[in-house]
Amino acid sequence: MGAALSQLEGVSQTLWVPLLSRAQASARSHKQLSSPFYDACAETLAAHLKQQSPELRHVLPPLAHMLVARARYYDQAALDFLKRHPKGQVIQLGCGLDSRYERLSPKERGSKSQWWHLDLPEVMHLRQRYLPTEQQLACSITALDWLAHLDSDSPTLLQAEGLLMYLPRQDIHRCLMAWSLYFLQAELVAEFTHQAWIPLLRTPLARRVFQLKMQTQTALSFQGGLWSPQEPVKWGKHLCYVKHWTYGEVFLPQWVCLKKSPALLWTSHYHLGVLPC
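How each quantity is defined
Residues numbered from 1 in each chain as written. Predicted model: local features only at pLDDT ≥ 70, side-chain atom pairs only at ≥ 80, totals over all residues. Heavy atoms only, no water. Helix = DSSP H or I, 4+ residues; strand = E, 2+ residues; numbered from the N terminus. Buried < 20%, exposed > 50% of the residue type's maximum accessible area, 1.4 Å probe, protein only. Contact = heavy atoms within 4.5 Å. Arc of directions from axis to C-beta. Phe/Tyr/Trp six-rings, centres within 6.5 Å; stacked < 30°, edge-to-face > 60°. Lys NZ or Arg CZ within 6 Å of the ring centre and 35° of its normal. Polar contact = N/O pair within 3.5 Å; in protein donor to acceptor, adjacent residues only side chain to side chain. Core = buried A, V, L, I, M, F, W, Y, C linked by side-chain atoms within 4.5 Å.

Colleague: Run through the overall build of the chain, naming residues and quoting values.
Modeller: Along the chain, the regular secondary structure elements total 11 helices and seven strands. Taking all 277 residues of the chain together, the buried fraction comes to 52%. Contacts in the chain between residues far apart in sequence, at least 24 positions, make up 76% of those at least 6 positions apart.

Right, dumping it as structure tokens:
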């Protein structure tokens, strides 16, 4: 295995496929101007890492297209938040090698916003090497002591892209409750899986398929989810559901039959904080 890959263990290994998917889409955007997705940082970084780790493979659709659609959605969520709160703070939880900060222009980010990147120490060591930024938090999100580094009174956007499904359900509950009680006014845009799928996704066959798709060294699986996008509202008065988005809205709007079964993945938008929703 290449030197870069060998630094990572467990769920941290999954950061490669989103990066490669964005790089592939960025390369295509030069030719397909009707649907541009330009991420020069991802292109450069992916090319460099492939030299170190030649076992990294081309990411095939539909997975690559889904991950790029997800990146677009979270980019837009950050832009919408900063339009409403130009002095707000954005925290990318489980950021991996995401280049959202670099993708958005200085004008779009604004000169008064604060950006934080949080991930496990081994990931942040890699990120510091390739995507150095000043405000980095090297820890697990479940530790919760990282909250002390953030201004609890400032409007805050928490983004958890491809992260919370790797936590046990009780940790998801604990994190959302802690965040909702710490901030005065915050928004959470986070990806979840349906709890009904967890037993199936933890079978040996599903874990092996996941390993092949995500190009990880070990077989991983999702650990916990929600029973519905609205479920966290029942956990406390400081959590308010706003909306949710599924991949089917982008790729399979005509497949009405999918509505009869729970979505495997979706992104939820919540307001949370001490102030009334």
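Colleague: How would you summarise unusual backbone geometry if you had to cite specific residues and measurements?
Modeller: With an omega of 5°, the peptide bond running from proline 61 to proline 62 counts as cis. By the secondary structure assignment, proline 62 is in the loop between helix H3 (40-52) and helix H4 (63-84). With a phi angle near 70°, leucine 144 is a residue other than glycine that sits in the positive phi range. In this fold, leucine 144 is placed in the loop between strand E3 (136-138) and strand E4 (156-160). Residue class for leucine 144 comes out buried when judged on its relative accessible area of 19%.

Colleague: Just give me the short version of helix H10 (residues 204-214), but keep the residues and values in it.
Modeller: What sets the pattern is the α-helix's 3.6 residues per turn: residues three or four places apart point alike. Residues of H10 that are buried include every one of Phe210, Gln211 and Met214, and no others. Projection of H10 onto a plane perpendicular to its axis shows the buried side chains occupying an angular sector of 100°, all on one side. Residues of H10 that are exposed and point over 90 degrees away from its buried face: Leu205 and Lys213. Once H10 ends, the next one or two residues include glutamine 215, with phi positive near 55°.

Colleague: Explain the packing of aromatic side chains residue by residue, including any values.
Modeller: Scanning all chains against the criterion turns up 11 aromatic pairs. Their ring planes at 70° and their centres at 6.1 Å tell us that tyrosine 73 and tyrosine 74 sit as a pair that is edge-to-face. Taking the centre distance of 5.2 Å and the plane angle of 65° together, the rings of tryptophan 245 and tyrosine 247 count as edge-to-face. Here tryptophan 245 and tyrosine 247 have matching classes, each one buried. Through a chain of ring-to-ring contacts, the aromatic side chains of Tyr73, Tyr74, Trp245 and Tyr247 assemble into a single cluster. A cation over a ring is seen here: arginine 109 above tyrosine 101, with NZ or CZ 3.8 Å from the ring centre.

Colleague: Got a sec to walk through the side chain of serine 113? Specific residues and values, please.
Modeller: Positionally, serine 113 belongs in the loop between helix H6 (106-109) and strand E2 (114-119). A distance of 3.4 Å separates a polar atom in the side chain of serine 113 from a polar atom in the side chain of tryptophan 115. The contacts of serine 113, once residues within four sequence positions are left out, are Leu82, Pro86, Lys87 and Gly88.

Colleague: Explain the nonpolar core to me, using residue names and the numbers behind them.
Modeller: Counting 44 residues, the largest nonpolar core has Trp16, Leu19, Leu45, Leu49, Leu97 and Phe222 as the members making the most contacts within it. Counting residues per element, the ones that place at least two in this core are helix H2 (16-29), H3, H4, helix H7 (121-130), helix H9 (198-201) and H10. Core analysis: the second largest hydrophobic core is formed by 32 residues, Leu93, Trp179, Ala190 and Trp235 among them.

Colleague: Kindly report on the side chain of glutamine 92, identifying the contributing residues and their values.
Modeller: Checked against the element boundaries, glutamine 92 lands in strand E1 (residues 89-93). What makes glutamine 92 buried here is its relative accessible area of 4%. A distance of 2.9 Å separates polar atoms of two side chains, one belonging to glutamine 92 and the other to aspartate 98. Excluding residues that lie within four positions of it along the chain, glutamine 92 makes contacts with Asp98, Arg100, Tyr101, Trp115, Trp116, His117, Leu118 and Gln159.

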